[in-house]
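Here's the letter readout for the chains.
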Amino acid sequence: MAGSGTAHMRPDVGPVLSVDQMVVEFPVGRKQVVHAVSGLNIDLLPGETLGILGESGCGKSSAGRAVMQEPPPTSGSVRLGTTELTGLKTRDLRRARSRMQMIMQDPVSSLNPRRKVRDLVAEGLAIWGFDGADKDAAIRETLVAVGLDPDVVWDRRPHELSGGQCQRVCIARALMMNPEVLICDEPVSALDVSVQAQILNLLERTKETYDLSMIFIAHDVSVVKNISDRVMVLYLGKTCEVLPSANLQTAARHPYTRTLIASIPGGEEIAPADVSLSAASTELPSPLNPPSGCRFRTRCPLATDQCAAEEPELRPVGEGHFIACHNVAV
Ligand SMILES: Nc1ncnc2c1ncn2[C@@H]1O[C@H](COP(=O)(O)OP(=O)(O)O)[C@@H](O)[C@H]1O
Ligand code: SF4
Ligand SMILES: [Mg+2]
């Protein structure tokens, strides 16, 4: 997959993370299976931010967790540089995985309420046996980097901090591991609107300072567009469209992406009503029994008989632009 060619990206170097045909399924009861992610491919380039966009229930978090091997995917490959993560034994996996860190949606519940900030930030270092005076200095430095005053927060516990401060602690904790890849799963969705922009700015700055590549998961088109170089749109565990985020609103052509754009304020003008969801079909179908052919067909205003019979393949339609739809011309 080609990148958008943004200046800080290095598309000539190989991908820092490669996900190939990743499937995530959850057995429920004796016979049923939730098809959360069905054959996902990702090439994350060094220095790139890839946005993953889709409404709630589309498999974004399952994909992010499976990349982290928490839990590992049902099948498929996840390579960090040249290291294949699937199938690694616990100790090797823990070490390899530390090169990748995840920031979750709810910062408060992802922190142990009994531990103090200084211990929370250093928690992951145990796998390296890193200790002593150097450790405290590194914690202080990282707290400053995420905009927290070490003298103020050092002995505080999560309930003594705001949601935004807790998310800063989570970011500090991730940075302490010196990762190459940061996976942010809706990192601002649980925060007050007033602090969302601060955390997004912090993530952008951090990415540059620490030379990270980032996967940024969200359901909000405007958030994903602003922070990402490229956007991947997921629907019921499958990729519908991948495109550079510059001109996302006008360049997006997949009917599902167009409906997402139409749902943001002012978006109706860019994505007119012919591609918005009909009132009768706004429910996401169950991932227990996804529609045949194109998974979006039960809600798609352009669906034809072919859409029920044949699954559309992801194919190139322009520079760095890929679409899975039978009815979008190349
Ligand atoms: N541990 C699990 N067991 C069973 N079903 C799950 C589990 N985790 C997620 N799911 C289901 O997988 C689908 C995708 O969920 P999720 O990955 O959380 O989507 P998103 O993050 O896009 O909202 C949903 O139908 C959800 O209910
Ligand atoms: S393949 Fe058919 S159902 Fe799927 S998005 Fe395209 S037109 Fe709609
Ligand atoms: Mg989620």
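Residues numbered from 1 in each chain as written. Chains lettered and ligands numbered in written order. Predicted model: local features only at pLDDT ≥ 70, side-chain atom pairs only at ≥ 80, totals over all residues. Heavy atoms only, no water.

Asker: Summarise the pairing of strand S10 (residues 238–244); cite the residues concerned and give the values.
Answerer: Most of S10 sits out of view: 6 of its 7 residues are buried. The pairing of strand S9 (residues 230–235) with S10 spans 6 bridges and is classified as antiparallel. For Tyr-235, the partnering residue across the bridge sits in S10 and is Lys-238. Between the antiparallel neighbours S9 and S10 lie 2 residues, among them Leu-236 with a positive phi of about 45 degrees. (Buried < 20%, exposed > 50% of the residue type's maximum accessible area, 1.4 Å probe, protein only. Helix = DSSP H or I, 4+ residues; strand = E, 2+ residues; numbered from the N terminus. Pairing = 2+ DSSP bridges.)

Asker: Break down the site of ligand 1 for me, citing the residues and quoting the values.
Answerer: Surveying the vicinity of ligand 1 reveals the residues Phe-26, Val-34, Ala-36, Glu-55, Ser-56, Gly-57, Cys-58, Gly-59, Lys-60, Ser-61, Ser-62 and Pro-287. At a separation of 3.1 Å, an oxygen atom of ligand 1 approaches a polar backbone atom of Gly-59. One of the side-chain N or O atoms of Ser-62 is found 2.5 Å from an oxygen atom in ligand 1. Contact with the protein chains hides 65% of the accessible area of ligand 1, taken as 560 Å² for the molecule alone. (Near = heavy atom within 4 Å. Polar contact = N/O pair within 3.5 Å; in protein donor to acceptor, adjacent residues only side chain to side chain. Areas by Shrake-Rupley, 256 points an atom, 1.4 Å probe, with all protein chains shown as cover.)

Asker: For the sheet that holds strand S4 (residues 75–80), give the residues involved together with the corresponding values.
Answerer: Judged by pairing direction, the sheet is antiparallel, and its 4 strands sit side by side in the order S2-S1-S4-S5 without closing on themselves. The sheet is open, and its two edges are formed by strand S2 (32–44) and strand S5 (83–84), each paired on a single side. Bridge count for S4 against S5 is 2 bridges, and the pairing is antiparallel. Bridging across to S5, Leu-80 finds its partner in Thr-83.

Asker: Give me the lowdown on the side chain of Ser-213, citing residues and values where you can.
Answerer: Within the element layout of this structure, Ser-213 appears in strand S8 (residues 213–218). Not counting the four nearest positions on each side in its chain, Ser-213 is found in contact with Val-16, Leu-44, Leu-45, Pro-46, Gly-47, Glu-48, Glu-180, Val-181 and Leu-182. (Contact = heavy atoms within 4.5 Å.)

Asker: Requested: an account of the site of ligand 2, with residues and values cited.
Answerer: Near ligand 2 lie 13 residues; those nearest to it are Cys-294, Cys-300, Cys-307, Cys-325 and Asn-327. Residues that form the shell around ligand 2 fall into these classes: 9 nonpolar, 3 polar and 1 charged. (Nonpolar A, V, L, I, M, F, W, Y, C, P; charged D, E, K, R; others polar.)

Asker: For the confidence of the model for the protein, give the residues involved together with the corresponding values.
Answerer: Confidence in the prediction for the protein averages 91 pLDDT; 92% of positions are at 70 or higher. With pLDDT under 50 throughout, residues 1–7 is counted as low confidence; its partners more than four residues away or in other chains account for 18 contacts. (pLDDT = per-residue confidence, 0-100.)

Asker: Let's hear about helix H7 (residues 193–209): which residues, and what values?
Answerer: Turn by turn, an α-helix covers 3.6 residues, leaving residues three or four places apart pointing in a common direction. If you check H7, its first and last C-alpha atoms are 25 Å apart, about what 17 residues at 1.5 Å a residue would give, namely 24 Å. Those residues of H7 lying buried are Ile-199, Leu-200, Leu-202, Leu-203, Thr-206 and Lys-207. Seen end-on, H7 carries its buried residues on one side only, within an arc spanning 160 degrees. For H7, exposure combined with an orientation more than 90 degrees from the buried face picks out Ser-194 and Thr-209. Where H7 is buried, its residues touch strand S3 (49–53), helix H4 (133–145), helix H6 (163–175), strand S7 (181–185), S8 and helix H8 (221–227). (Expected span 1.5 Å × (residues − 1). Arc of directions from axis to C-beta.)

Asker: So what's going on with the packing of aromatic side chains? Residues and values would help.
Answerer: Scanning the model with the defined rule gives 3 aromatic pairs in all. Taken together, the ring pairs in this structure connect Tyr-235, Tyr-256 and Phe-296 into an aromatic cluster. When the ring centre of Trp-154 is taken as origin, the NZ or CZ atom of Arg-140, which lies over that ring, is 5.2 Å away. (Phe/Tyr/Trp six-rings, centres within 6.5 Å; stacked < 30°, edge-to-face > 60°. Lys NZ or Arg CZ within 6 Å of the ring centre and 35° of its normal.)

Asker: So, H4: which residues are in play, and what are the values?
Answerer: Taking 1.5 Å of rise per residue, the 13 residues of H4 would be expected to cover 18 Å, and the 19 Å separating its terminal C-alpha atoms lies within 8% of that figure. Turning to H4, its buried residues number three or more, namely Lys-135, Ile-139, Thr-142 and Leu-143. Buried residues along H4 cover an arc of 100 degrees about the axis, so they all sit on one side. Looking at H4, the residues exposed on the side facing more than 90 degrees away from the buried face are Ala-133, Asp-134, Glu-141 and Val-144. Summarising the contacts, the buried residues of H4 are in contact with helix H3 (117–122), helix H5 (150–153) and H6.

Asker: I'd like a rundown of the sheet that holds S7, residues and numbers included.
Answerer: As summarised here, the arrangement of the 8 strands in space is S6-S7-S8-S3-S9-S10-S12-S11, forming an open sheet in which the pairing is mixed. Edge strands, defined here as strands with exactly one partner in the open sheet, are strand S6 (100–103) and strand S11 (315–318). Pairwise comparison of adjacent strand axes, ignoring direction, gives a mean angle of 25 degrees for this sheet. The pairing of S10 with strand S12 (residues 321–323) spans 2 bridges and is antiparallel. Its bridge partner lying in S12, Val-242 is registered against Phe-322. (Axes fitted to C-alpha atoms, helices over the stretch in contact; angles between N-to-C directions.)

Asker: Which residues make up unusual backbone geometry, and what are the values?
Answerer: Of the consecutive residues Glu-70 and Pro-71, the connecting peptide bond is found in the cis state with omega at -5 degrees. One non-glycine residue, Gln-69, lies in positive phi territory at about 65 degrees. Along the chain, Gln-69 turns up in the loop between helix H1 (60–67) and S4.

Asker: Please give an account of the packing of H6 against H7 that cites residues and values.
Answerer: Where H6 meets H7, the closest approach of the two axes is 10 Å, and the angle between their N-to-C directions is 15 degrees. Taken together, the axes of H6 and H7 lie roughly parallel to each other. The crossing of H6 and H7 is right-handed. Residue-level contacts link Gly-164, Gln-167, Arg-168, Ile-171 and Leu-175 of H6 to Val-195, Gln-198, Ile-199, Leu-202, Leu-203 and Thr-206 of H7. Taken together, the residues that form the contact of H6 with H7 break down as 6 nonpolar, 4 polar and 1 charged. (Parallel < 35°, antiparallel > 145°, perpendicular 65-115°, else oblique. Left-handed = near helix turned anticlockwise from the far one by under 90°.)

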